[in-house]
Each structure stands twice: as C-alpha cells, then as structure tokens.
Amino acid sequence: NVSQNPGDADGDGKCNLADVSIVLKHIAKWSVDIDVDAADVNGDGTVNIQDVSLLLKWIAGWDVELK
C-alpha cells in the first residue's frame, strides 16, 4: 500500500492539518470523502489514530516516513 501522495487524505495535493482533520472525521465515522490509501500513512491497512499521530509528526517536521 504505497500512495502517490501519502498523507493527502483530502486530495488537494498537500499534506497538512486539513488532512489530519479529515482523517479524524473519518475515524469518528463522519460521512467525509477521503483517500483511504493516502490516509493510511503507516501502511498497516487501517486508517486510525496511529496514522493521525504520524501525520502530525511529519507536519511538525519530525524525521518520519509516510508510506
């Protein structure tokens, strides 16, 4: 599971806090359009809070890899 734009859950071409927000809404089972492959940034096959944590670390500039 390697996305062309890892972390870009909303499909706008950027990985930012808007993506974190949409992933959280998806986890909370809100009805949102989401690119599940891009949102699964740890590559475990599930979009969950671990993906949110990794996204936030990446946005903050930590040395992490998005799958």
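What you see is a predicted model, and the numbers here were worked out from it, not measured in a lab.

Observations regarding unusual backbone geometry
- Although it is not a glycine, Lys29 sits at a positive phi angle of roughly 70°.
- For Lys29, the position within the fold is in the loop between α1 (17–27) and α2 (36–39).

Things to note about helix α3 (residues 49–59)
- The complete set of buried residues in α3 reads Asp51, Val52, Leu54 and Leu55. End-on, the buried residues of α3 take up no more than an arc of 165°, which puts them together on one face.
- Those residues of α3 hidden inside the fold are in contact with α1 and α2.
- The N-cap of α3, judged by a side-chain oxygen 3.1 Å from the amide nitrogen of Gln50 a few residues on, is Asn48.
- Looking at the residues trailing α3, positive phi occurs at Gly61, about 95°.

Cut-off values and rules
Residues numbered from 1 in each chain as written. Predicted model: local features only at pLDDT ≥ 70, side-chain atom pairs only at ≥ 80, totals over all residues. Heavy atoms only, no water. Helix = DSSP H or I, 4+ residues; strand = E, 2+ residues; numbered from the N terminus. Buried < 20%, exposed > 50% of the residue type's maximum accessible area, 1.4 Å probe, protein only. Arc of directions from axis to C-beta. Contact = heavy atoms within 4.5 Å. Polar contact = N/O pair within 3.5 Å; in protein donor to acceptor, adjacent residues only side chain to side chain.

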